[in-house]
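# Fold and geometry: a report
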Amino acid sequence: MILTSYASLEDPALLKRLDGKGISKFLAFDVPIEMAEARYGGHFQNVLHNLHESDDLRVLDYNGQRAMQLFSFKELGEPVYHEAA
């Protein structure tokens, strides 16, 4: 689960940042920020307030299993699939 200032999960600049971190293939969902804040509570606020003006990507949760348990598939909507060429 990441917080980002990019407008889209398919933004070329975001894809380049993720690829630079070794993430070239993923399945993602666009989660409304209000929903993420409600589920992560104080941890969300800590991560949000630790952002610097130049940060455009911040990890909210490294644990995919926990992240998936916090949100139902109905809430998440359609997935975005990405695989580098």
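Heads up: the structure comes first, above all this text.
What you see as residue numbers is a count from 1 along each chain, following the sequence as written. Reporting of local features is limited, given that this is a predicted model, to residues whose pLDDT is at least 70; pairs of side-chain atoms are given and counted only at 80 or more, and all residues count toward the totals for whole chains, interfaces and linings. Excluding hydrogens and water, the side-chain figures rest on all heavy atoms present in the structure.

A word on helix α2 (residues 33-40). The buried label goes to any residue with under 20% of its type's maximum accessible area, the exposed label to any with over 50%, and the partly exposed label to all in between, with areas taken from a 1.4 Å probe on protein chains only. The way it works is that DSSP assigns letters per residue, a run of H or I at least four long becomes a helix, a run of E at least two long becomes a strand, and they are numbered from the N terminus. Taken as a whole, α2 has its buried residues at M35, A36 and Y40. End-on view of α2: buried residues confined to an arc of 115°, all on one side of the axis. Relative to its buried face, α2 has exposed residues pointing more than 90 degrees away, namely E34 and A38. By definition in these notes, contact holds between two residues if any of their heavy atoms fall within 4.5 Å. Close packing links the buried residues of α2 with α3 (42-49), α4 (64-70) and α5 (73-76). In the stretch just after α2, G41 is the one whose phi turns positive, near 55°. The arc in question is traced by the directions running from the helix axis to the C-beta atoms.

Let us look at the nonpolar core. Listed in full, the 12 residues of the largest apolar core are L3, F29, V31, M35, A36, Y40, F44, V47, L60, A67, F71 and L76. Within the residue set of this core, elements represented by two or more residues are α2 and α3. Beyond its immediate chain neighbours, meaning those up to four positions away, A36 contacts V31, G41, F44, L60 and F71. In this text, buried Ala, Val, Leu, Ile, Met, Phe, Trp, Tyr and Cys residues form a nonpolar core when linked through side-chain atoms within 4.5 Å.

Quick look at the packing of aromatic side chains now. Each Phe, Tyr or Trp ring (for Trp, its six-membered ring) is paired with any other whose centre lies within 6.5 Å, and the angle between the two planes then decides the class: stacked below 30 degrees, edge-to-face above 60, tilted in between. Taken as a whole, this structure holds two aromatic pairs when the rule is applied. Their ring planes at 50° and their centres at 6.3 Å tell us that F29 and F73 sit as a pair that is tilted. With F29 in the loop between β2 (25-28) and α2 and F73 in helix α5, the pair connects residues that are 44 residues apart, well separated along the chain. Accessibility expressed as a relative area gives 60% for F73, which makes it exposed. Between Y40 and F71, the ring centres sit 6.4 Å apart and the planes meet at 40°, which makes this aromatic pair tilted. Separated by 31 residues along the polypeptide, Y40 in helix α2 and F71 in the loop between α4 and α5 bring together distant segments of the chain. A residue is classified by how much of its surface remains accessible, and Y40, at 10% relative accessible area, is buried.

Mapping A84 onto the fold places it in the segment after β4 (80-83). A relative accessible area of 40% places A84 in the partly exposed class. Between the C-alpha atom of A84 and that of Y6, which follows or precedes it by 78 residues, the distance is 18 Å.

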